[in-house]
Amino acid sequence: MTKESTQKKQYEKFVKQLTPSHSLPKNMALAFLFGGLICTAGQAVQNLLQGLGLSQENAGTWCSLILILLSVILTGTGLYPKLAKHAGAGTLVPITGFANSVASSAIEYRAEGQIFGIGCKIFTIAGPVILYGILSSWILGVIFLILDRLGVAV
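Residues numbered from 1 in each chain as written. Predicted model: local features only at pLDDT ≥ 70, side-chain atom pairs only at ≥ 80, totals over all residues. Heavy atoms only, no water.

Visitor: Before we go on, may I ask you to explain the layout of surface pockets in this structure?
Guide: It is the rolling of a water-molecule-sized probe over the atoms that shows where space remains empty. The calculated volume of the largest pocket comes to roughly 220 Å³. Lining of the largest pocket is provided by 13 residues; of these, His22, Asn27, Leu30, Lys85 and His86 occupy positions nearest its centre. If you list the elements that add at least two residues to the lining of the largest pocket, you get helix H2 (24-51) and helix H4 (79-87). Top contributing element to the lining of the largest pocket by residue count: H2, with 5 residues. Here the lining of the largest pocket is composed, by residue class, of 5 nonpolar, 6 polar and 2 charged. (1 Å grid on protein atoms, 1.4 Å probe; cavity = no way out; pocket = protein on both sides within 12 Å on 5 of 7 lines; lining within 4 Å. Points joined across faces, edges and corners; volume = space filled by probe spheres on them. Helix = DSSP H or I, 4+ residues; strand = E, 2+ residues; numbered from the N terminus. Nonpolar A, V, L, I, M, F, W, Y, C, P; charged D, E, K, R; others polar.)

Visitor: Would you take a moment to explain the side chain of Ser71 for this structure?
Guide: Within the secondary structure layout, Ser71 lies in helix H3 (residues 56-76). What makes Ser71 buried here is its relative accessible area of 2%. Leave out the neighbours within four places in its chain, and Ser71 touches Tyr80, Thr96, Ala99 and Asn100. (Buried < 20%, exposed > 50% of the residue type's maximum accessible area, 1.4 Å probe, protein only. Contact = heavy atoms within 4.5 Å.)

Visitor: I keep staring at the packing of H2 against H4 and nothing clicks. Help me out?
Guide: Each pair of packed helices can be described by the angle between their axes along with the distance between the axes. One way to put it is that H2 packs onto H4 with a least axis distance of 9 Å and a crossing angle of 135°. In terms of orientation, H2 lies oblique with respect to H4. Within the contact between the two elements, H2 uses Leu30, Ala31 and Phe34 and H4 uses Leu83, His86 and Ala87. Looking at the contact of H2 with H4 residue by residue, the classes come out as 5 nonpolar, 1 polar and no charged. (Axes fitted to C-alpha atoms, helices over the stretch in contact; angles between N-to-C directions. Parallel < 35°, antiparallel > 145°, perpendicular 65-115°, else oblique.)

Visitor: What should I look at first to understand a nonpolar patch on the surface in this one?
Guide: On the surface, Leu131, Tyr132, Leu135, Trp138, Ile139, Leu140, Ile143, Ile146, Leu147, Leu150 and Val152 cluster together to form a nonpolar patch covering roughly 1100 Å² of accessible area. Locating Tyr132 in the fold gives a position in helix H7 (residues 126-149). (Patch = residues over 30% accessible without salt bridge, like charges linked within 9 Å, V, L, I, M, F, W, Y side chains within 5 Å. Areas by Shrake-Rupley, 256 points an atom, 1.4 Å probe, with all protein chains shown as cover. Salt bridge = Lys/Arg side-chain N within 4 Å of Asp/Glu carboxyl O.)

Visitor: I tried to follow the UniProt feature "transmembrane region" (unreviewed entry) in the protein chain on my own but got confused; where do I start?
Guide: What UniProt calls "transmembrane region" (unreviewed entry) maps, in this numbering, to residues 60-80 and 129-147. Annotation note: span residues 129-147, helix share 100%, strand share 0%, distance between end C-alpha atoms 27 Å. (UniProt positions renumbered as here; feature names shortened; annotations may be inferred.)

Visitor: Please clarify how the state of the cysteines should be interpreted in this entry.
Guide: By definition, a disulfide links the sulfur atoms of two cysteines through a covalent bond. Applying the stated criterion across every chain, the model contains 0 disulfides. Cys39 takes part in no disulfide bond, and the closest cysteine sulfur to it belongs to Cys63, at a distance of 9.7 Å. (Disulfide = S-S within 2.5 Å.)

Visitor: For this particular structure, what's the right way to read the packing of H3 against helix H5 (residues 94-108)?
Guide: Closest axis-to-axis distance for the H3/H5 pair is 8 Å, and the angle between their directions is 40°. Classed by the angle they form, the pair H3 and H5 counts as oblique. Between H3 and H5 lies a crossing of right-handed hand. Contacts between H3 and H5 involve Ser64, Leu67, Ile68, Ser71, Val72, Thr75 and Gly76 on the former and, on the latter, Ile95, Thr96, Ala99, Asn100, Ala103, Ser104 and Ile107. (Left-handed = near helix turned anticlockwise from the far one by under 90°.)

Visitor: I'm lost on H5 in this one. Help?
Guide: In an α-helix, one full turn covers 3.6 residues, which means residues spaced three or four apart are oriented alike. Spanning 15 residues, H5 covers 21 Å between terminal C-alpha atoms, matching the ideal 21 Å at 1.5 Å per step. Buried within H5 are the following residues: Thr96, Gly97, Ala99, Asn100, Ser101, Val102, Ala103, Ser105 and Ala106. (Expected span 1.5 Å × (residues − 1).)

Okay, here's the thing in structure tokens:
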């Protein structure tokens, strides 16, 4: 065995020791559990608001706002990233994950100022989501309009 191949094997062994191992079934179970807990908490908030006399539509709106607020507060205090480290994809439940991405971008770039930091960088992650969401909605709206004019759409 040459010195080079021995070094290569030692390096591969070293990298293998440092590389964290991931269990796909465990990650999937945690994502399911935490995503389900976030959704369950949201449903509980909506049910509570409806029980206080709000209509289903208004309760849903306030529930969304409360989940966004909690997500931003948890992001600002540094708790959301810690939760995400253990919960994985479960924290990407659309509304809370989206709020986290916007808030974390704003926090990361606040040192660069209000306009060039927060104002420019806040939509680094969220911008493409908004862009493609609006674009796909527009395309589907046009398709629906065409189908409706042809008498095919319900």
